[in-house]
Amino acid sequence: MLQINPNIINFSDLSFIFRFLPIFLLAYYVLPARLRPLILLVGSLAFYAIGDPMSMVVFAAAIVVNILFSYKCHNKSKLFLFLIIASDVILLLAFKFLVSYGNIQTLPLGISFFTFKMVSYQADLYKRKIRECPGIIAVAAYFAMFPQVMSGPIMRYSDFEINNILSGTEDEFMAFKFRKRLHLDKIEEGLMFFTLGFAMKALLADYLAMMWNEIGTIGYESISTPLAWVGVVCYSMNLYFDFWGYSLMAAGIGVMLGFPFVRNFDHPYSSKGVGEFYRRWHMTLGSWFRDYIYFPMGGSKKGKFLTIRNLFVVWLLTGLWHGVTVNFLVWAGLLLIMIIFEKFVWTFNKKLLSVIGRVHVLIMVPITWVIFALPVKEDLFNYLGRMIPVSGSGIAVNPGDLVKLMSMYWPFFVGGFIFLIPAVYDYFEKHRKDLHIKVVMLLLFWICAAFVSTKAGNPFLYFSF
Amino acid sequence: MKKFGRHFLSVGILVVALFFTADAALGQKSVYDETEYNAADAPLLSFPLRKIMNGEMPYLVSLIQAKFFGIPMPLDDTIDNGDEEDFASGLSDENAGADVNPEEQVAEASDEAAAPEVSDGDAAVSDGDAAVSDGDAAVSDGDAAAVSDGDAAVSDGNAVPAAAEDNTVPPEPQEATAPEHVNYVETAVPDSYFDDALFIGDSRTVGLSEYCPELDERATFYAKVSLTIYGFNKKPFVTARVVPPEGYEGSEEDLPTEKVTVEEALTRKQFAKIYIMLGLNELGSGTAESFAADYGAVVSRIRELQPDAIIYIQGIMHVTHKKSESDRTFKNSTINARNEALSTLADGEHVFYIDMNSATDDEHGALGQDLSFDNVHLKAKSYALWYDYLKKHAYVNENDLPQIQQGLQQENPEQ
């Protein structure tokens, strides 16, 4: 029996980059063009089966049921739309509760994302945003596609169907020479984004995560107050670069396959308020809530009271989507309060609003990430208690802890701050076809690969105590 | 130019990937471990990448250097397990010359245990520092009158690592010369007991130094993240004053410092108690027997360097039940087997075995889940349990007991 490294589903793992991805790309581009949707489907199912074989049944069943119902939705049957959306949502919530009550260990791989794709697909069919009912294989490939199955981005079907390479219409009748160049163009373009994401993940996020883990190892009740505050920055940047990096890698793989680049982050920390922050952070999730919850309920067009109600519903669901433990509801609740105040209270003074907005984004949002990070109540109270040490000086605190950790991890903070500057990414995006940027990216790619190699397949080096 | 740059990144990645893969394939059995190709492992090209991360050259590059520039290839390369295989012999290089069967040597040495060793032992003890710092060489040189006896003593010294492999307690040169038999008893001790103590260990001992200020301000720590028993004479990380040149008259404080190995540092400063906790990072390699043998070799080397110290071998602290259940390497059953083997190294005379796990174990015989965040290390607040254990389980000379009692009284007057 052939054993396959389960890490192969991790985009920043060498097994994915040097095994799965090249084999898949070869099959995708060398085999006949009309087979591409099928290859994408088969490759994605294989990807899922390696990543989470136990949940394969749930995943496959969700795909089949959604395809069956989709014909009814296309016929404008409100009942069937309601039924299928309800079952997708119940499926998601059921697993979230099962996990939080400890009945099962982990969620099925990517369930939060593929169920949301399914709901958007059914709603778009119903609203005739998707005109013709697509073929079974194409839809299944859309639900299952491996670049997005784990953690998004939540791409709409409209972005899926405009891929003329997937459908073969763009290059079917091209001469081999031009076809080859087109394919290489796509791969090159995708690799640029992939490499940038790879660097964020492997060179920044993974190391910031190690520092955050070291803070936990000390114990939240025993960290010094300065470390508690730096820890907030550490975790916030870890989360940002982990997710942005992942999103860039996922979008980059999509581009390699001919899909449009899906933007998921747009410099959220340069926002002028929390509301704007969440239009620029995990954008595909935000726009999903906007298009399928907020707007259908009336958005902000029906007066103050209904706007607040709609925002409340959206943020309640956002909290639940992240997890059904209390900390996520507190996290979402705090954000909601800040958004409502930004929208209705601080507006009397433009100056005040802009100052408070920045404070929200640069100080309050990072603090909300700590609430997001710590599901256990005692941990959260201990951590907040060390940030604002009103209730005593902590247990076994070593005042030198910050200096010690920063002497090891400062380069990752510097790197993080550099990537927080919007101009850095914008320069990359604008000049990504220039040779000098490509040389930098090639170097960066191999530096990342070298860093990752010390962890891959050799947990011993990674976890040395 | 435009054409060249058009697919620069994709082609560049492809070419370099092919190069590294070829490098890994060609360099097998020479600079890389021999491995059977397995899809469950990392791709081949991770071998040269890891090599680069270690600050070394990939195989093909060093081959080219050797062929065209005459830079020799590093063939005695540190393939991980290489470390342990020749470790025991590495500790005392001089036995490389002795072509006598080690077992015979042991027998010989123990047969002659009485007469020749006495004088040899004397030399080592009375010569003090000189003998200690020069190691075995000083032993044979120091006793010029008894050259043949000296030789016997040397071969005895050499036999120590070999003997340790059979888990027998290394013969103690001092034993015979000790004026009277010293009786050590287990007792509780005051903080001041640790004034002249040294702690050698990995990240867990680092944690002890960071989160146990009472201990840190008294004791010395030669501890480093990921330290192993094999790093004892290999990893230079201890900050020590350089050895002053002959006739140096300035104060010791003016000497510059340098990074030296634990072994080297022990030649420069004497301690009364030496606590060792190592073995966690070694769990993935070797067996309990090979580990204990190498450990024993280190302990006897420390005995040579620090003849007046008592050595505490601390059993390896457990990992949590959760970790032990889910990890291939870090299992409490493995830790227990190794601790069992370590405990046989104690002689109740100069080397003692203590096991602090009783202070931190839960009902599974594992590190308590609430004491640890990462399932391996104690949380800051939990280190007090370890220190408490050490304070309650110390060995002291029977004759010093009243003094210790007095110290305890002063520390806790209410008792």
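Being a predicted model, the structure only gives us computed values, none of them experimental.

Asks: Before we move on, can you summarise the overall build of chain A with the specific residues and values?
Replies: In terms of regular secondary structure, chain A is built from 20 helices and 0 strands. Whereas a compact globule of 465 residues would reach a radius of gyration of roughly 23 Å, chain A reaches 23 Å, a difference of no more than 12%. Expressed along its principal axes, the backbone C-alpha trace of chain A runs to roughly 70 × 55 × 50 Å. Within chain A, contacts between residues separated by at least 24 positions form 73% of all contacts whose residues are at least 6 apart in sequence.

Asks: Break down the overall build of chain B for me, with residues and values.
Replies: Across its full length, chain B holds 21 helices and 9 strands. The proportion of buried residues among the 415 residues of chain B is 39%. At a minimum sequence separation of 6, the contacts of chain B that also span at least 24 residues come to 70%.

Asks: Lay out the interface of chain B and chain A with the relevant residues and their values.
Replies: Interfaces are often described in size by the accessible area the parts lose on coming together. Taken together, the contact between chain B and chain A spans 40 residues of the former and 39 residues of the latter. Elements supplying a minimum of two residues to the side of chain B that touches chain A: α2 (8-26), α3 (46-53), α13 (203-211) and α20 (383-392) of chain B. With 7 residues, the single largest contributor to the side of chain B that touches chain A is α2(B). Of the residues belonging to the side of chain B that touches chain A, the class tally is 21 nonpolar, 11 polar and 8 charged.

Asks: Lay out the confidence of the model for chain A in plain terms, naming residues and giving numbers.
Replies: Model confidence for chain A is summarised by a mean pLDDT of 92, while 97% of its residues fall at 70 or above. Within the model, pLDDT remains below 50 along residues 456-463 of chain A, and this stretch shows 13 contacts once partners closer than five positions in the same chain are excluded.

Asks: With reference to specific residues and values, describe helix α14 (residues 326-345) of chain A.
Replies: Residue and element names in this part refer to chain A. The terminal C-alpha atoms of α14, which comprises 20 residues, lie 27 Å apart, in line with the 28 Å expected from a rise of 1.5 Å per residue. If you check which residues of α14 are buried, you get N327, W331, A332, L335, M338 and I339. All buried residues of α14 fall inside an arc of 135° around its axis, so they share one side. Facing away from the buried side of α14 by more than 90 degrees, the exposed set consists of F344 and V345. On its buried side, α14 packs onto α11 (274-280), α13 (303-322), α15 (350-373) and α16 (377-387).

Asks: Can you lay out the domain arrangement of chain A for me, pointing to particular residues and giving the numbers?
Replies: All names here are of chain A. As far as domains go, chain A holds domain 1 (31-173) and domain 2 (186-464). With centres defined by C-alpha atoms, the gap from domain 1 to domain 2 works out at 27 Å. Secondary-structure elements contributing two or more residues to the side of domain 1 that touches domain 2 are α4 (78-100), α5 (111-126) and α7 (146-149). Across the side of domain 1 that touches domain 2, the residue classes tally to 11 nonpolar, 8 polar and 2 charged.

Asks: Explain the sheet that holds strand β8 (residues 351-354) of chain B to me, and be specific about the residues and the numbers.
Replies: Strand pairing in a sheet is mediated by backbone hydrogen bonds. Such pairs are either parallel or antiparallel. Residue and element names in this part refer to chain B. Taken together, 5 strands build an open sheet; the order of strands is β3-β2-β6-β7-β8 and the sheet is parallel. Unpaired on one side and paired on the other, β3 (220-223) and β8 mark the two borders of the sheet. Adjacent strand axes in the sheet meet at a mean angle of 20° when their direction is disregarded. Here 4 bridges tie strand β2 (residues 197-201) to β3, and the two strands are oriented parallel to one another. Paired with L198 across the strands is T220, a residue of β3. Set on the sheet, helix α16 (residues 288-305) makes contact with β6 (273-277), β7 (310-314) and β8; between it and β7 the angle comes to about 160°.

Asks: Give a detailed account of helix α9 (residues 176-218) of chain A, specifying residues and quantitative values.
Replies: An α-helical turn contains 3.6 residues, so any two residues separated by three or four positions project in the same direction. Residues and elements named next belong to chain A. Taking 1.5 Å per residue, 43 residues should reach 63 Å; α9 reaches 60 Å between its end C-alpha atoms and fits that length. Of all the bends in α9, the largest measures some 35° and sits at A205. Positive phi shows up at G219, right after α9, with a value of about 105°.

Asks: Can you break down the nonpolar core residue by residue, with the values?
Replies: Of all hydrophobic cores here, the largest spans 211 residues; its most connected members are B:I200, B:I274 and B:I311. A domain split of this core shows at least three residues from each of domain 1 (31-173) and domain 2 (186-464) of chain A. Discounting chain neighbours no more than four positions away, the residues touching B:I200 are B:Y222, B:A223, B:V262, B:I274, B:Y275, B:I276 and B:L278.

Asks: An account of the environment of B:D254 is needed here, citing residue identities and associated values.
Replies: With respect to the helices and strands, B:D254 occurs in the loop between β4 (238-241) and β5 (257-260). Placed 221 residues apart in sequence, B:D254 and B:D33 show a C-alpha to C-alpha distance of 46 Å.

Asks: Describe the pairing of β2(B), and please don't skip the residues or the numbers.
Replies: Within a regular strand, side chains alternate between the sheet's two faces. Residue and element names in this part refer to chain B. The element β2 is largely enclosed, with a buried count of 5 among its 5 residues. Pairing geometry for β2 and β6, over 5 bridges, is parallel. Opposite L198, over in β6, you have I274 as the bridge partner.

Asks: For unusual backbone geometry, give the residues involved together with the corresponding values.
Replies: Cis geometry marks the peptide bond from A:G152 to A:P153; its omega dihedral reads 0°. Examined against the element boundaries, A:P153 turns out to sit in the loop between α7 and α8 (157-161). The phi dihedral of A:A396 falls on the positive side, at around 50°, and the residue is not glycine. In this fold, A:A396 is placed in the loop between α16 and α17 (401-420). Residue classification places A:A396 among the partly exposed positions, given that 18 C-beta atoms sit within 10 Å. Positive phi values are uncommon outside glycine, yet B:S226 reaches one of about 65°. In this fold, B:S226 is placed in the loop between β3 and β4. Look at B:S226 and you get partly exposed, because 16 C-beta atoms sit within 10 Å.

Asks: Residue-level account of the confidence of the model for chain B, with values.
Replies: As a note on interpretation, predicted positions should not be read in detail where pLDDT is low. All names here are of chain B. For chain B, the average pLDDT comes to 78, and 72% of its residues sit at 70 or higher. Contacts of residues 76-85 to residues separated by more than four positions or lying in other chains number 11 contacts, the stretch itself having pLDDT below 50. Residue range residues 93-178 is modelled with pLDDT below 50. Its contacts to residues more than four positions away, or to other chains, number 108 contacts. With pTM at 0.84, the complex prediction returns an ipTM value of 0.90.

Asks: Report on the packing of helix α3 (residues 56-74) of chain A against α4(A), specifying residues and quantitative values.
Replies: All names here are of chain A. Following both chains from N to C, one finds α3 and α4 inclined at 160°, their axes separated by 9 Å at the closest point. Relative to α4, the element α3 lies roughly antiparallel. Here α3 runs over α4; the crossing is left-handed. Taken together, the residues of α4 that come into contact with α3 (itself represented by A62, V65, N66, F69, K72 and C73) are F80, L81, L83, I84, S87 and L91. Each residue belonging to the contact of α3 with α4 can be placed in one class, and the counts come to 9 nonpolar, 2 polar and 1 charged.

Asks: Would you mind going over the packing of α2(B) against α3(B) in detail, with residue names and values included?
Replies: Residues and elements named next belong to chain B. Two elements in contact, α2 and α3, have axes whose closest approach is 7 Å; the angle formed by their N-to-C orientations is 90°. One way to sum up the angle between α2 and α3 is to call them roughly perpendicular. In this structure, α2 uses F20, D23 and A24 to contact α3, whose residues at the interface are F47, P48 and L49. The residue inventory of the contact of α2 with α3, partitioned by class, reads 5 nonpolar, no polar and 1 charged.

Criteria and thresholds
Residues numbered from 1 in each chain as written. Chains lettered and ligands numbered in written order. Predicted model: local features only at pLDDT ≥ 70, side-chain atom pairs only at ≥ 80, totals over all residues. Helix = DSSP H or I, 4+ residues; strand = E, 2+ residues; numbered from the N terminus. Rg over C-alpha atoms; globule rule 2.2 N^0.38 Å. Contact = placed C-beta atoms within 7 Å. Buried ≥ 20, exposed ≤ 12 C-beta atoms within 10 Å, placed from the backbone. Nonpolar A, V, L, I, M, F, W, Y, C, P; charged D, E, K, R; others polar. pLDDT = per-residue confidence, 0-100. Expected span 1.5 Å × (residues − 1). Arc of directions from axis to C-beta. Domains from an automatic or database assignment. Pairing = 2+ DSSP bridges. Axes fitted to C-alpha atoms, helices over the stretch in contact; angles between N-to-C directions. Bend = angle between axes of the 7 residues up to and from the residue. Core = buried A, V, L, I, M, F, W, Y, C linked by C-beta atoms within 7 Å. Parallel < 35°, antiparallel > 145°, perpendicular 65-115°, else oblique. Left-handed = near helix turned anticlockwise from the far one by under 90°.

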